[in-house]
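Here are the chains, one letter per residue:
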Amino acid sequence: QVVLVESGGGLVQAGGSLRLSCVVSGRTFSRYAMGWFRQAPGKEREFVAAITWIGGSTSLADSVKGRFTISRDIVKNTMSLQMNSLKPEDTAVYYCALAATRAQVVTTRYPYDYWGQGTQVTVSS
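This is a predicted model, so every value here is computed, not measured. (Residues numbered from 1 in each chain as written. Predicted model: local features only at pLDDT ≥ 70, side-chain atom pairs only at ≥ 80, totals over all residues. Heavy atoms only, no water.)

1. Let's talk about the environment of Ile-70
Here is step 1 of the chain: Position of Ile-70 among the secondary structure elements: in strand β7 (residues 68–73).
Here is step 2 of the chain: In this view, Ile-70 contacts Trp-36, Ala-49, Ala-50, Ile-51, Thr-58, Leu-60, Met-79, Ser-80 and Leu-81; residues no more than four positions away in its chain are not counted. (Helix = DSSP H or I, 4+ residues; strand = E, 2+ residues; numbered from the N terminus. Contact = heavy atoms within 4.5 Å.)

In structure tokens form, the structure reads like this:
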């Protein structure tokens, strides 16, 4: 079993910054990919960013390119999402996810096997 725990959400004004973290514990895999998704009220869960654990290849959604950065710390088993220049439309519950045995970035929802509980990000105008 894999457990993912997110933290770092909160309320911020437009133009501000937040840093989300996701700690991975439990079962390990020789290779896997991780990602961030978000879901706003009444909307589908959408891809935000992804990274491979070995190699650190990344992918970002067009809507966050230039503002968000995804990274991982192998020693701390932690994935992070640095969010700058936040906009009201970034308001959502943010989820981290893990896709086991994947060697490439995964930008769609369904290959992910494990999900965190989510953390709320609210950006006020």
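2. Brief notes about the pairing of strand β5 (residues 46–52)
Here is step 1 of the chain: Taken across its seven residues, β5 has six buried, putting it largely inside the fold.
Here is step 2 of the chain: The antiparallel pairing of strand β4 (residues 32–39) with β5 creates a hairpin that spans six residues between the two strands, and Gly-42 there sits at a positive phi of about 80°.
Here is step 3 of the chain: The sheet contact formed by β5 and strand β6 (residues 58–60) spans three bridges and is antiparallel. Of the residues in β6, the one forming a bridge with Ala-49 is Leu-60.
Here is step 4 of the chain: The loop that links β5 with its antiparallel partner β6 comprises five residues; one of these, Gly-55, has a positive phi angle of about 105°. (Buried < 20%, exposed > 50% of the residue type's maximum accessible area, 1.4 Å probe, protein only. Pairing = 2+ DSSP bridges.)

3. Some points on the sheet that holds strand β8 (residues 78–83)
Here is step 1 of the chain: Strand order in this open sheet of four strands is β1-β3-β8-β7, and the pairing throughout is antiparallel. Each edge of the open sheet carries a strand with a single partner, namely β1 (2–7) and β7. Recorded for the sheet is a direction-independent mean angle of 15° between the axes of neighbouring strands.
Here is step 2 of the chain: Examined bridge by bridge, β7 and β8 share six bridges and lie antiparallel to one another. Paired with Ser-71 across the strands is Ser-80, a residue of β8. (Axes fitted to C-alpha atoms, helices over the stretch in contact; angles between N-to-C directions.)

4. Structural notes on the side chain of Asp-90
Here is step 1 of the chain: In this structure, Asp-90 sits in the loop between β8 and β9 (92–100).
Here is step 2 of the chain: What makes Asp-90 buried here is its relative accessible area of 1%.
Here is step 3 of the chain: Engagement of the side chain of Asp-90 in a polar contact is seen with the side chain of Arg-38, the distance being 2.9 Å.
Here is step 4 of the chain: Residue contacts for Asp-90: discarding those within four places in its chain leaves Arg-38, Arg-67, Phe-68, Ser-85, Val-121 and Val-123. (Polar contact = N/O pair within 3.5 Å; in protein donor to acceptor, adjacent residues only side chain to side chain.)

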